[in-house]
Amino acid sequence: MKFGRRLPKQPFTSLQSPVMESDIRDPDLAESGAVRMEWDARQMPVLHSIKDRFARERPFRDLRVAVCLHISTKTANLVTAIKSGGAEPVVCASNPLSTQDDVAASLAVHHGVPVFAKRGEDPDTFNRHLHNVLESNPDILLDDGADLVTTAHRDHRRQLDRIIGGTEETTTGVNRLRSMVRNGDLTIPVIAVNDSKTKHLFDNRFGTGQSALDGILRATNTLIAGKTVVVCGYGWCGRGVASRVRGLGGQVIVTEVDSIPALEAAMEGFRVLPIDEAAALGDLFITVTGNRGVIRRDHLEVMKDGAMLANAGHFDVEIDVQALDALAIEKRSLRPNVEEYALANGRRLHLLGEGRLVNLVAGEGHPAAVMDLSFANQALAVEHLVARHEDMPPGLYTLPDEVDREIAGLKLESMGLAIDALTPEQQDYLDSWR
Ligand code: ADE
């Protein structure tokens, strides 16, 4: 059985909407964006080799791809790779505070990509930009957090009919899509890029592990050594953060709701406590759970004077900022991305990056070398959708294992690393139950 809209054979002219005007902060920033993109491109050899192949094979000729990602140097390299394959990308931000305005400018000015994103845009503008992108009549949705897919299902049913499928970057987005599947609401196939091994084992762990600390250090210039650092959540991101904090000499406390990762954290040598107990002990709190209300009013009330609060989960719902506002008798900005809240109990708490993704708000997100893997997955996921969408009923998919291994192999090669192959005797041994 064949599913969804069939893409016509060549020549394909799906682009029914006129080229759109961008809505960016300042086109004059384009030069700075371009050199920073070039710097990061050098750390993205896997994506680069895919881009070269796309340029030869043009698998996305005349397809419009709606992209909702953090607009960073790395994302821009993904966007130009997809464009090299013949696509017409249209871009908006997946977070109002993570956009790098110079990168948005370079994409629009140098690459002719319509971009709808301004760092610090208000919630109405952020939403309008999502709609701008969906109104371009995309064929494919490339998402980070599932805002495009959910908005299309809610407000753009007409556009949804022509969409052949989507891809999703992050754990939170995949969770939202799973909920849509459970409720029978998802009407397109979506590839969960986050579920590739070469995504979550590297980006979530080594990417978030490093970039969350990088954001915190850029914001505060604080010393981690000797501090008690409470890491809320021990998924792949939490594992990365806890390990990097330990590397810097911090004493880690892990909080969890799932017995298995909690046990793993304990055997990894971390102290495991409920947040109710950890709240009074931490000097620095880092939330990476993907859930809401992790640090609540009760916890804020017992925290030490000077405690710092940072979030590295996708949405700004993990720390109850409203409760913090309600508790504060005075609030002031001490440094960029450091807000001091003076409480009635005489203590001061410090919220970093407004409780939004600290790595992208106070830093530049993950290093390009790890986003190379994530975005190789995104690029190949788009190619997979174009080639296979007719055999993909609505639902969530993972890229085939061969694709995962190919990406890992290319990365190893780019690092100058070789691995062994099984000897025939070893293969026979593995294949035989005797
Ligand atoms: N840079 C671009 N996209 C990113 C992401 N999803 N996480 C961290 N850094 C990024």
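The rules we used
Residues numbered from 1 in each chain as written. Predicted model: local features only at pLDDT ≥ 70, side-chain atom pairs only at ≥ 80, totals over all residues. Heavy atoms only, no water. Helix = DSSP H or I, 4+ residues; strand = E, 2+ residues; numbered from the N terminus. Contact = heavy atoms within 4.5 Å. Pairing = 2+ DSSP bridges. Salt bridge = Lys/Arg side-chain N within 4 Å of Asp/Glu carboxyl O. Buried < 20%, exposed > 50% of the residue type's maximum accessible area, 1.4 Å probe, protein only. Axes fitted to C-alpha atoms, helices over the stretch in contact; angles between N-to-C directions. Patch = residues over 30% accessible without salt bridge, like charges linked within 9 Å, V, L, I, M, F, W, Y side chains within 5 Å. Areas by Shrake-Rupley, 256 points an atom, 1.4 Å probe, with all protein chains shown as cover. Near = heavy atom within 4 Å. Polar contact = N/O pair within 3.5 Å; in protein donor to acceptor, adjacent residues only side chain to side chain. 1 Å grid on protein atoms, 1.4 Å probe; cavity = no way out; pocket = protein on both sides within 12 Å on 5 of 7 lines; lining within 4 Å. Sits in = over half its atoms within 2 Å of the grid points. Nonpolar A, V, L, I, M, F, W, Y, C, P; charged D, E, K, R; others polar. pLDDT = per-residue confidence, 0-100. Parallel < 35°, antiparallel > 145°, perpendicular 65-115°, else oblique. Points joined across faces, edges and corners; volume = space filled by probe spheres on them. Core = buried A, V, L, I, M, F, W, Y, C linked by side-chain atoms within 4.5 Å.

### Details of the environment of V288
Tracing the backbone through its elements, the reader meets V288 in the loop between β10 (284-287) and α13 (297-302). In this structure the C-alpha to C-alpha distance between V288 and E277, which are eleven residues apart in sequence, comes to 18 Å. For V288, the contacting residues outside a window of four places in its chain are T208, V231, C232, G233, C237, G238, V241, A312, G313 and E318.

### Quick word on the sheet that holds strand β14 (residues 348-352)
Spatially, the eight strands line up as an open sheet ordered β9-β8-β7-β10-β11-β14-β13-β12, and their pairing is mixed. Two strands close off the open sheet at either side, each with one partner strand: β9 (271-272) and β12 (328-335). Here β12 runs beside strand β13 (residues 338-343); their pairing, made up of six bridges, is antiparallel. Among the inter-strand pairings, S333 is bridged to a residue of β13, identified as E339.

### Regarding the pattern of salt bridges
As enumerated under the stated definition, the model contains 28 salt bridges in all. A salt bridge links E264 to R239, with the nearest nitrogen and oxygen atoms 2.6 Å apart. Here E264 is found in helix α11 (residues 259-267), whereas its partner R239 is found in helix α10 (residues 236-247), with 25 residues between them in sequence. Here R239 falls in the buried class, since its relative accessible area comes to 16%.

### What to know about unusual backbone geometry
A positive phi is found at R58, a non-glycine position, where the angle reads about 50 degrees. Among the structural elements, R58 can be located in the loop between α2 (45-57) and β1 (64-69). Its relative accessible area of 35% is what places R58 among the partly exposed residues. Even without being a glycine, N137 presents a positive backbone phi close to 60 degrees. Along the chain, N137 falls in the loop between α5 (123-134) and β4 (140-143). For N137, a relative accessible area of 12% translates into the label buried.

### Description of the sheet that holds β1
One open sheet holds the seven strands; their spatial order is β3-β2-β1-β4-β5-β6-β15, and the pairing between them is parallel. Where the open sheet ends on each side, the last strands, each with one partner, are β3 (115-116) and β15 (395-397). Relative to strand β6 (residues 189-192), strand β5 (residues 165-168) runs parallel, the two being bridged by three bridges. In the sheet register, G166 faces β6, and the bridge partner there is V190. Against the sheet, α5 touches β1, β2 (88-93), β3 and β4, its axis set at about 165 degrees to β2. Where helix α16 (residues 368-388) meets the sheet, it contacts β1, β4, β5 and β6, and its direction lies at approximately 165 degrees from that of β5.

### Focus: a nonpolar patch on the surface
Residues L422, Y429 and L430 make up a contiguous nonpolar surface patch of about 390 Å² in total accessible area. You can see L422 is positioned in the loop between α17 (401-414) and α18 (424-431).

### What about the site of the ligand?
Near the ligand, the surroundings consist of H70, S72, K74, T75, D144, E169, L360, G365, H366, M371 and F375. Side-chain polar atom of D144 to a nitrogen atom of the ligand: 3.0 Å apart, as the coordinates give it. In isolation the ligand exposes 260 Å². Once the protein is present, 93% of that is buried. In a pocket analysis with a 2 Å cut-off to the grid points, the ligand is assigned to the largest pocket. Listed by contribution, the elements that provide at least two residues to the shell around the ligand are α3 (73-84) and α16. Broken down by class, the residue content of the shell around the ligand amounts to three nonpolar, five polar and three charged.

### Quick word on the confidence of the model for the protein chain
When pLDDT is averaged along the protein chain, the result is 95, and 96% of the positions lie at 70 or above. Of the regions scoring below 50 in pLDDT, residues 9-18 engages in 23 contacts with residues more than four places distant in sequence or in other chains.

### Quick look at the packing of helix α1 (residues 30-41) against α3
Remark: α1 packs on α3, axes separated minimally by 9 Å, with the N-to-C direction vectors making an angle of 80 degrees. Here α1 is positioned roughly perpendicular relative to α3, judged by the angle of their axes. Contact with α1, carried on its side by R36, M37, D40 and A41, involves T73, K74, A76, N77 and T80 of α3 and no other residues of that element. Looking at the contact of α1 with α3 residue by residue, the class counts come to three nonpolar, three polar and three charged.

### Notes on the pairing of β13
The buried fraction of β13 is high, at five of six residues. Turn length for the β12-β13 hairpin, with the two strands adjacent in sequence and antiparallel, is two residues, and the turn residue N337 shows positive phi of about 70 degrees. Counting the residues between successive antiparallel strands, the hairpin from β13 to β14 contains four residues, one of them, G346, with a positive phi of roughly 90 degrees.

### Some words on the layout of surface pockets
Volume-wise, the largest pocket comes out at about 1100 Å³. Within the residue set of the lining of the largest pocket, elements represented by two or more residues are α3, α8 (171-182), α9 (197-220), α10, α15 (358-361) and α16. At five residues, α9 tops the list of elements feeding residues into the lining of the largest pocket. For the lining of the largest pocket, the class distribution of residues is 17 nonpolar, 23 polar and nine charged.

### Some thoughts on the nonpolar core
Core analysis: the largest hydrophobic core is formed by 50 residues, its most contacted members being F60, I71, L78, I82, V115, I140 and L142. L142 has contacts with V65, A66, V67, C68, L69, L78, I82, L148, T167, Q378 and V382, leaving out every residue within four places of it along the chain. By size, the runner-up hydrophobic cluster in this structure holds 26 residues, among which are I216, I224, C237 and A312.

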